[in-house]
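Below are the chains, spelled out letter by letter.
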Amino acid sequence: MSFRPSDEQRELKAGVRAFCEARLGLDRIRALEGSGFDAALWRELAEMGLFRLRLDPAREGMGLGLAEAVLVFEELGRALAPGPLVWTHLAAQWIEGAAAGAVVVGGLDFLGAADGVLLIEHLPLLDVLLVLREDGIERLDPRTLEAAPALRPLDPLTPVHHVAKLPRGERIAPASEAARLRRIGAVLTAGEQLGIAEAAHDLALAYAKTREQFGRAIGSFQAIKHMLADSFVRQEVARASVYAAAATLDHPEGGDVARAVAGAKINAGEAAMKNARTCIQVHGGMGYTWEVPAHYYYKRAWVLEERFGTVAEHAAALGERVSEPDGAWR
Amino acid sequence: MASVGALLPTAASVDLRLSPADEKFRRELRAWLAEAVPAHGAPPERHDWPARRHYDTSWQKKLFDAGYAGISWPQEYGGRGASLEQQLIYYEEYARARAPYVGVNFVGLLHGGPTLIVEGTAEQKARHLPSILRGEQVWCQGFSEPAAGSDLASLRTRAERDGDDYVITGHKIWTSFAQVADYCELLVRTDPDAPKHRGITWLILPMNLPGIEVRPLDTLHGSSEFSEVFLDGVRVPVANRVGAENDGWRVTNVTLRFERGTAFAGEIVESRRWLAEIAEHARRVTNFGARARDDAQLRREIGHLQAEIDGLWYLLKLSIAEADTAGVPGVGGSAVKLFFTELKQRIGDLALRVLGRAVLSRSDVAGLPVEAWSYEALQSLSMTIAAGSSQIQRNIISERILGLPKERAG
């Protein structure tokens, strides 16, 4: 057993962070409002290997595990990287061209709530739409859908379209694969949520150190300090859960996969949402404006919460299982 | 542009699988506990301190004889010297088997002993460490005072040098197990003129010396887990000093770091087991005709608490792994302590809500474990206060980890 990311994994993470800092500064994020897509960035991420990270080397993949992939998605989340990154990454195994970034794949997860309002993210960009259903994975041509755009989506970098009816598509994989994809999607999304939690915490912390009121940095007041201590702890619990879930998916004999995945999505979801709120509160009036990026974190946290199962859905599923005798309780 | 490929590791290193040797350790420990725990019998009544001492120390002796005492202590001091992995397995199996709580051995095994290992003289180590491991020495902690709680460094208990002795006069409080302890890890002021952190000394106080009076304090759950200790002209040999004179604050911080790091491993696993037990009972408990578990909100709450306690267990693993690399338990222990103690109170609230009106009796009724659960829930109220309150932990995290400025010089 080993719990500390290796030096190589830390380097990988640092490399992705440096790339994101160079390519996704605040000005760039602002410029991407509305479209939520940067074709050049997408190409560069594809060239770096984002979509073929976990693909078999025999298929020109990098043969890495989720333990590494989750670190990459943590950094993408931190940088507010837009676009259907997780879906295209998940699709690389089935959809020709996705691994190379030539085909943009989006998706919908029907494994949780099977009914409800049908909203598709990033629809105009999509070449392929994947739908996870109870009985398998379906592939749909997104251009055949009758869809109405939301004029002012919650996250300015995540455009959504309302679809009245979703036809059945071509079935490309069985139910077990749909379930597996949902778990991986949940952990990678939890990785992005962890990144949001960190970015929001860092922004609030930096502000608390420099903003002065009553003649001193507001970060010297316990009321502010304690909020930041809490957001730090939430972030660290989320980090441990996300890394553990990724490692458990890589090696299921090391734990209980369903339990680890649900735990990661719950803890990272809470951390992203609450840290984003703390970030807004610490910024005071400025936090309520469009000027300070705190609102991006809060809004992206909502988008990610609605992907691959909400906190409430995962908590309900876990709660059903907690009292199961032993085994899981090792 | 650099390719990710150039930076890639060849193998994942966050890996939760156990090695064959660790699996073997688990099997052997599980088999031993399966026999030893039932054979040790039920714990005595909470108020019966002599019986509690006997129960706890005789269990410690059994652990020692089986090679499981001092699981994290180095082998050269009689401990098991277990790897990080095996320590965590130990706590998991220990909780699974419902083995006896560390009880009166707590201070010796988790604070006093580890401090002597780092700071004690050869003579002090030889006199105390083997006895602590065998359950022959019970220790208590004389740190807090009525006027020195969160601001521990303002303690006033005075020690004046007189030949080869220190003569000690003062008043300690919240001293757990003082009624049955043989020794006390005692903080005293040896230089009243120095800045407060620089005039403190760490002493080993034998509890049978003349001039010591122990007065038990009743806690809110109705038993006396800790005491006030009055010291009136108590003479302690200078040879009992650990570390240099006036260097006790640094020595203390060695102890406090242990208190905030690995010390919670056992309790975290124990609480995780408790949560499963609460969920199990929620299947059966009926209040006014409705089964507790039929409440979807309650099921979600149970699931959420499980996610959090699992996350905390992973965080502990991560934080111990970091400490292993750094050599000493890190301030990350503050995060574990803060999160765990508040989480345990929420689990306690859940337990009491599942019990419903039965909790009003505080004793077992209708086949419900009211006595044990209400004790745990009430006792958990002390955990966010003891060993650095939650507010102090938040200050530590924000100042020492996050680098925020102090509110006021102190």
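Values in this document were obtained by computation on a predicted structure and should not be read as measured data.

What follows is about the overall build of chain B. Along chain B, the regular secondary structure elements total 11 helices and 10 strands. Computed over C-alpha atoms, the radius of gyration of chain B comes to 23 Å, within 12% of the 22 Å expected from 2.2 N^0.38 for 410 residues, which places it in the range of a compact globule. Principal axes of the C-alpha set define a box for chain B whose edges measure 70 × 70 × 50 Å. In chain B, once contacts between residues fewer than 6 apart in sequence are set aside, the share between residues at least 24 apart is 71%. By element, 52% of the accessible surface of chain B is carried by carbon and sulfur atoms, the whole surface being about 17100 Å². Side chains of chain B give 48 positive and 52 negative charges; the mean places of these two sets differ by 4 Å.

How big an interface is tends to be stated in terms of the accessible area lost upon association of its parts. Contacts between the two partners involve 68 residues from chain A, matched on the other side by 63 residues from chain B. Between chain A and chain B, roughly 6000 Å² of surface is buried when both sides are summed, and carbon and sulfur atoms account for 64% of that area. Linking chain A to chain B there are five salt bridges. Between R259 of chain A and D310 of chain B there is a salt bridge whose closest N-O contact spans 2.7 Å. Between chain A and chain B we count 12 residue pairs in polar contact (both at pLDDT 80 or more) in total. Mapped onto the side of chain A that touches chain B, the elements with two or more residues apiece are α1 (7–23), α3 (39–48), α4 (66–78), α6 (175–210), β9 (216–217), α7 (222–250), α8 (257–282) and α10 (311–321) of chain A. With 17 residues, α7 of chain A is the largest single contributor of residues to the side of chain A that touches chain B. Considering only residue class, the side of chain A that touches chain B consists of 32 nonpolar, 17 polar and 19 charged.

Before going further, it helps to spend a moment on the side chain of K344 of chain B. All names here are of chain B. With respect to the helices, strands and loops of the structure, K344 is situated in helix α9 (residues 332–355). Residue classification places K344 among the buried positions, given a relative accessible area of 4%. Excluding its chain neighbours within four sequence positions, the residues that come into contact with K344 are E267, S271, W274, E376, S380 and M383.

Each value, and the rule that gives it
- Residues numbered from 1 in each chain as written.
- Chains lettered and ligands numbered in written order.
- Predicted model: local features only at pLDDT ≥ 70, side-chain atom pairs only at ≥ 80, totals over all residues.
- Heavy atoms only, no water.
- Helix = DSSP H or I, 4+ residues; strand = E, 2+ residues; numbered from the N terminus.
- Rg over C-alpha atoms; globule rule 2.2 N^0.38 Å.
- Contact = heavy atoms within 4.5 Å.
- Areas by Shrake-Rupley, 256 points an atom, 1.4 Å probe, with all protein chains shown as cover.
- Lys, Arg positive; Asp, Glu negative; His and termini not counted.
- Charge placed at Lys NZ, Arg CZ, Asp CG, Glu CD.
- Buried area = accessible area lost by both parts, 1.4 Å probe.
- Salt bridge = Lys/Arg side-chain N within 4 Å of Asp/Glu carboxyl O.
- Polar contact = N/O pair within 3.5 Å; in protein donor to acceptor, adjacent residues only side chain to side chain.
- Nonpolar A, V, L, I, M, F, W, Y, C, P; charged D, E, K, R; others polar.
- Buried < 20%, exposed > 50% of the residue type's maximum accessible area, 1.4 Å probe, protein only.

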